[in-house]
Amino acid sequence: MIIYKGCIRVQCEKTLIILKPDAIKRNLVGKIIGKIEEKNYTIESMNMKTLSVEDLTYHYDEHKGKGFFPDLLDYMSSGPVVIMVVSGDNVIKGMRKLCGATDPLEADAGTIRGTYASTKNENLIHSSDSIESSKREVAYFIK
Ligand SMILES: Nc1ncnc2c1ncn2[C@@H]1O[C@H](COP(=O)(O)OP(=O)(O)OP(=O)(O)O)[C@@H](O)[C@H]1O
């Protein structure tokens, strides 16, 4: 049995994190990664890329047809993002909590969105919302 940073390695979850274009434009990458590391989560992989409309249509499939979808595509393709796989005990739930509510005005103090973001359109970070989403997103974005 391998014990790694306090959790049994084989039971550690993985989640896909995307630091959105505003995180890079506003020089917040280091601060956000600092908050993730403060929680003792582990960064398993990290890369930068500008997402294509094809990537985003796949990723945000559930939002296709909604009024904000065109703005979401414009925003998410407006510059490079940082794509990370982060692991840790209960990391999926823990990272969603650390990100805070989708609307930063409703996000708890101390969360990433509550601390650094101010609009629902540009809310800095994506985090997988379930084990199924995490598997689907990691399989798509990490080749
Ligand atoms: N009503 C809205 N107006 C503008 N943008 C929105 C709205 N709802 C969602 N979005 C954008 O679409 C993204 C995906 O929405 P979702 O409801 O899946 O929120 P989330 O799970 O908190 O965010 P994400 O999927 O990016 O982690 C949001 O993060 C936000 O950027």
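The model shown is predicted, which means the values in this text are computed figures rather than measured ones.

Asker: Pulling in residues and values, what's your account of the overall build of the chain?
Answerer: Along the backbone of the chain there are 7 helices and 6 strands. At 15 Å, the chain has a C-alpha radius of gyration in line with the 15 Å of a compact globule built from 143 residues. On the principal axes, the C-alpha backbone points of the chain span a range of 50 × 35 × 25 Å. Buried positions account for 46% of the 143 residues belonging to the chain. For the chain, contacts bridging at least 24 residues in sequence account for 75% of all contacts bridging at least 6. Computed over 20 positive and 19 negative side-chain charges, the separation of the two mean positions in the chain equals 3 Å.

Asker: Give me the UniProt feature "binding site: ATP" (unreviewed entry) in the chain: which residues, what numbers.
Answerer: UniProt's entry tags Lys20, Phe68, Arg96, Thr102, Arg113 and Asn123 with the feature "binding site: ATP" (unreviewed entry), counted in the numbering of this structure. When you line up the elements, phenylalanine 68 lands in the loop between α3 (53–59) and α4 (69–76). Residue class for phenylalanine 68 comes out partly exposed when judged on its relative accessible area of 42%. Along the chain, the position of arginine 96 falls in helix α5 (residues 91–99).

Asker: Summarise the pattern of salt bridges; cite the residues concerned and give the values.
Answerer: This model, assessed by the stated rule, comprises 2 salt bridges. A salt bridge links aspartate 55 to lysine 49, with the nearest nitrogen and oxygen atoms 3.1 Å apart. The salt bridge involving aspartate 61 is made with lysine 64; its shortest N-O contact spans 3.0 Å. Taking relative accessible area as the criterion, aspartate 61 reaches 39% and is therefore assigned partly exposed.

Rules used in this analysis
Residues numbered from 1 in each chain as written. Predicted model: local features only at pLDDT ≥ 70, side-chain atom pairs only at ≥ 80, totals over all residues. Heavy atoms only, no water. Helix = DSSP H or I, 4+ residues; strand = E, 2+ residues; numbered from the N terminus. Rg over C-alpha atoms; globule rule 2.2 N^0.38 Å. Buried < 20%, exposed > 50% of the residue type's maximum accessible area, 1.4 Å probe, protein only. Contact = heavy atoms within 4.5 Å. Lys, Arg positive; Asp, Glu negative; His and termini not counted. Charge placed at Lys NZ, Arg CZ, Asp CG, Glu CD. UniProt positions renumbered as here; feature names shortened; annotations may be inferred. Salt bridge = Lys/Arg side-chain N within 4 Å of Asp/Glu carboxyl O.

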